[in-house]
2 protein chains.
Amino acid sequence: MSTAVSPLAPKKYPKMPAIDGVRIATAEAGIKYKGRTDVLAMVFDEGTTAAGVFTRSKCPSAPVDFCRQNLSGGKARILVVNSGNANAFTGKKGRETTSLTGQAAAKAAGCTPGDVFLASTGVIGEPLDAGKFSHLLSGMVKDARSDQWTEAAKAIMTTDTYPKVVTATVKLGDTDVTINGIAKGAGMIAPDMATMLSFVATDAPIAANVLQDMLSRGTAKTFNAVTVDSDTSTSDTLMLFATGAAAKRGAPKISDPKDARLGAFRRAFNKMLKTLALQVVRDGEGARKQVEVTVTGAKSARSAKRIALSIANSPLVKTAVAGEDANWGRVVMAVGKAGEPADRDLLSIWFGDNRLAHNGERDPGYSEAATSAYMKGDNIAIRADIGIGRGKATVWTCDLTKEYVAINGDYRS
Amino acid sequence: MSTAVSPLAPKKYPKMPAIDGVRIATAEAGIKYKGRTDVLAMVFDEGTTAAGVFTRSKCPSAPVDFCRQNLSGGKARILVVNSGNANAFTGKKGRETTSLTGQAAAKAAGCTPGDVFLASTGVIGEPLDAGKFSHLLSGMVKDARSDQWTEAAKAIMTTDTYPKVVTATVKLGDTDVTINGIAKGAGMIAPDMATMLSFVATDAPIAANVLQDMLSRGTAKTFNAVTVDSDTSTSDTLMLFATGAAAKRGAPKISDPKDARLGAFRRAFNKMLKTLALQVVRDGEGARKQVEVTVTGAKSARSAKRIALSIANSPLVKTAVAGEDANWGRVVMAVGKAGEPADRDLLSIWFGDNRLAHNGERDPGYSEAATSAYMKGDNIAIRADIGIGRGKATVWTCDLTKEYVAINGDYRS
């Protein structure tokens, strides 16, 4: 497995501030990896609210089932995440592991198992022995500190080549509140959900139903608009926690999704989700280029997104980008195979600002030299205008390189 | 571009017999390739019937439009195919090219343009100049011979590493009739249709409506059940021609699809389609292994096929096979992402005879050594039993190797 950091990694990482009411610890349990952390505990003060969105896979992992069940309470006291083993397709043993881990975490955090959330990422189908890390949890809770966000992002990595973090401070009413987020994911990335794991926390006092509304809406144009390889994980989990600690400093309590005071927070939160989602794409296995696919003029927004994903998931489009080849004929192919309304003779295609095709044929003014130069960049924008309506969508992916094949040809062994 | 012949190529090729009423010529027009043939003319005696199935792409090529229009007549006198340029997404120029080629072919064969069929394969979006080869057609028709079937298969190759041919002789009534088929296709292969081009001809006297019935039914479990990269071509064309010449030797004329005398012919024809479709898979770009995916126990046959294609198109499953890694967790993932009814806890998975997973978890009797040995073979059978119904389907694909990326990263340039 390649250990080189993606060339698309951020040039610099933000210094992650504390979130009042959140403490973090990481540990080395040796579940699969050696010489690195592989367990994360995120401890929340009493009163923390929670929301989540999960994979739509028909074969979800045991931790996904566990989280879905606990989410109805809308409260959280501790999140436990391990990397190296997904505890997916592990049957009765998998459920025993989540149950045992849930009990150990509840005991460590001084709460009920209903206030525990779990996530696991790594190999599918190998039984995960809760005994490998559950005994560590009480010590981790004791040692947990508020300045460990980047460490948290590192502990949940699998084939990721860099930790994914983001932070923002915004006004809620007249009070500054902070939002921190982490994510991991490098392969098996596709809607829905287009990340394996991501966790966001804030000190804002926001009710669980409002968190859920923000999260569900926020994913559509962010995590649900990125794809690395069209393969949807069994474990995808995106959770949002709000400790409410900022209420002490005067932040208003928000219990209505339509509360106008939520505007700045929602915008900042959506931007953070997009940043995290793009960090996942930019760390796509073997990725050398980020690809933004925009479809305009489709029959509807839904139709535009389907066409955009057809382009973004096409192995032939992705290998052409890897080869720095402006092979727009493959974009025509991908529009055609999407099965959505389209009229070949109205279709136009751009790579960056270079219009290659117009009204169903090659653009007479198209410059091969200019486009070839454009393809050498590491941010490639593809646009297809379908020409029949007003539907629009943007999705993001990465190129398909030999390294993707190498990484995934010997991941398990 | 690699020029090595696929390791999965046939060990030997059949000697292709003549089909009474069919004459073939090939030529070097230099459309894109140098030093090889790139134009095929297949000339049919008067009275030849025709049927066809075509890509479901919303952006079909100009020749596909041309063929669809002419097919209503149910008759054929000449087929002209070129490789190197698909004449797809070429707008008005593309239609002019098919019109000019159609007229030149009709003149050469002494028929009307309505009896002409055309196919083009190669790069999308480049205008195809009919003048490059239409002047060759009358000479080709004059020189056409009945023993050129393998030459025909060679002239239509693009990234194919070997020509694809098949032949069978069967009884129609008490008379022997012959069926010959050729195909090309190596990438941009997915239902529907799962080949770029394939042409089958027979001397049997069969009416056009019967040909169409046989062809439409025959593709479902053959060409529409193979995928190389999930990318559907704009040019997929499969046609069946019947000259009827065997009537002179006593073969009965068939005009009813339910005619019982058609049984042996239909079985042989379906087997030939499967052979050609598998030859396409086995020449999948960069392919080193053939993969047969069978789904049983699904809610319906349709559901089974969707799940099977989800497995067969998964880059993670295909790279695992390339890496000789029995990573059955990725099969679980692909079942889960198909969106079809499934119960994780009833799922069983086999690689060959090795049952790896049963009732939603790893099979306790699973042998890593035996399965690893199995994965080294070049024919890999994956079976998933969904455990909820009686729906069954089989599809075929190949592995995803670095060579696929290499071939497609610099195809156009």
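Residues numbered from 1 in each chain as written. Chains lettered and ligands numbered in written order. Predicted model: local features only at pLDDT ≥ 70, side-chain atom pairs only at ≥ 80, totals over all residues. Heavy atoms only, no water.

A. Summary view of the relation of the copies chain B and chain A. When chain B is fitted to chain A, the best match, at an RMSD of 0.0 Å, comes from turning it 180° and sliding it 0.0 Å along the axis. Here the symmetry operator amounts to a two-fold rotation axis. Nearest to the rotation axis, the C-alpha of B:Lys402 is located 2.4 Å from it, this being the minimum over chain B. Both copies contact each other with a shared surface, as 100% of the interface residues of chain B are interface residues in chain A too. (Least-squares fit on C-alpha atoms with pLDDT ≥ 70 in both. Contact = heavy atoms within 4.5 Å.)

B. Examining the side chain of B:Ser314 more closely. Examined against the element boundaries, B:Ser314 turns out to sit in the loop between α7 (301-313) and α8 (315-322). Exposure remark for B:Ser314: the relative accessible area of 0% places this residue in the buried category. For B:Ser314, the residues in contact, after removing those within four places along its chain, are A:Asp231, B:Met333 and B:Ala334. (Helix = DSSP H or I, 4+ residues; strand = E, 2+ residues; numbered from the N terminus. Buried < 20%, exposed > 50% of the residue type's maximum accessible area, 1.4 Å probe, protein only.)

C. Inspection of the pairing of strand β6 (residues 164-172) of chain B at higher detail. Where β6(B) meets strand β7 (residues 175-184) of chain B, nine bridges bridge the pair, whose relative direction is antiparallel. Along β7(B), the bridge assignment pairs B:Leu172 with B:Thr175. (Pairing = 2+ DSSP bridges.)

D. Expanded view of the UniProt feature "binding site: substrate" (unreviewed entry) in chain A. Residue and element names in this part refer to chain A. Under the feature "binding site: substrate" (unreviewed entry), the UniProt entry names Thr-158, Lys-184, Thr-195, Glu-285, Asn-408 and Ser-413. Mapped onto the fold, Glu-285 is located in the loop between α6 (263-282) and β10 (290-298). The buried category is assigned to Glu-285, whose relative accessible area is 6%. (UniProt positions renumbered as here; feature names shortened; annotations may be inferred.)

E. Broad picture of the domain arrangement of chain A. Residue and element names in this part refer to chain A. Structurally, chain A comprises domain 1 (22-282) and domain 2 (290-409). With 15 residues of domain 1 at the contact, the number on the domain 2 side is 14 residues. Taken together, the two surfaces of domain 1 and domain 2 that pack against each other cover about 1,200 Å², and 56% of this comes from carbon and sulfur. Viewed at the interface, domain 2 and domain 1 are joined by zero salt bridges. Taken together, the connections running from domain 1 to domain 2 amount to five residue pairs in polar contact (both at pLDDT 80 or more). (Domains from an automatic or database assignment. Buried area = accessible area lost by both parts, 1.4 Å probe. Salt bridge = Lys/Arg side-chain N within 4 Å of Asp/Glu carboxyl O. Polar contact = N/O pair within 3.5 Å; in protein donor to acceptor, adjacent residues only side chain to side chain.)

F. Inspection of the state of the cysteines at higher detail. Residue and element names in this part refer to chain B. Taken as a whole and judged by the stated rule, the model has zero disulfides over all chains. Here Cys-111 stays free of any disulfide, with the sulfur of Cys-67 as its closest cysteine sulfur at 13 Å. On the accessibility criterion, Cys-111 (18% relative accessible area) is buried. (Disulfide = S-S within 2.5 Å.)

G. Region of interest: the environment of A:Ile386. Residues and elements named next belong to chain A. Relative to the elements of secondary structure, Ile-386 occurs in the loop between β14 (379-385) and β15 (391-398). Owing to a relative accessible area of 0%, Ile-386 belongs among the buried residues under this scheme. When the C-alpha positions of Ile-386 and Phe-223 are compared, they lie 24 Å apart, and in sequence the two are 163 residues distant. When sequence neighbours within four positions are dropped, the list of residues in contact with Ile-386 reads Val-295, Thr-296, Gly-297, Ala-298, Ile-307, Val-335, Pro-341, Ala-342, Asp-343, Leu-346 and Leu-347.

H. Up close: the packing of aromatic side chains. All names here are of chain A. This structure, assessed with the given rule, holds six aromatic pairs over all chains. With centroids separated by 6.3 Å and ring planes inclined at 65°, the aromatic side chains of Phe-117 and Phe-241 adopt a geometry described as edge-to-face. Of this pair, Phe-117 sits in strand β5 (residues 116-123) while Phe-241 sits in strand β9 (residues 237-242), placing them 124 residues apart in sequence. Since its relative accessible area comes to 0%, Phe-241 is described here as buried. (Phe/Tyr/Trp six-rings, centres within 6.5 Å; stacked < 30°, edge-to-face > 60°.)

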